[in-house]
Amino acid sequence: MITRGAPLSWSVHTAPSIPTEISDLPPDLPRRMWSPITATLITGERDAVLVDAC
């Protein structure tokens, strides 16, 4: 059953960037990094959804 008007909360976790293991680097970069990884937790009164968009 969907309760209209029920409050939702959200929280975003951002993991730090991590270095890649690659030897083919551009001349201006000492190393390459992966983009930060995020996950969002959306919570309601009784349920929650974890969103991990890859």
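Before any of the text, the structure's been laid out above.
Residues numbered from 1 in each chain as written. Predicted model: local features only at pLDDT ≥ 70, side-chain atom pairs only at ≥ 80, totals over all residues. Heavy atoms only, no water.

Looking only at helices and strands, one finds zero helices and three strands in the chain. Secondary structure elements of the chain, listed N to C terminal, follow the sequence β-β-β. For the chain, whose C-alpha radius of gyration is 18 Å, the value lies well above the compact-globule estimate of 10 Å for 54 residues. Counting only C-alpha atoms and orienting by the principal axes, one finds that the chain spans roughly 55 × 15 × 10 Å. In the chain, which comprises 54 residues, the proportion classed as buried is 2%. At a minimum sequence separation of 6, the contacts of the chain that also span at least 24 residues come to 38%. (Helix = DSSP H or I, 4+ residues; strand = E, 2+ residues; numbered from the N terminus. Rg over C-alpha atoms; globule rule 2.2 N^0.38 Å. Buried < 20%, exposed > 50% of the residue type's maximum accessible area, 1.4 Å probe, protein only. Contact = heavy atoms within 4.5 Å.)

Coordinates in, geometry out; function isn't part of it.
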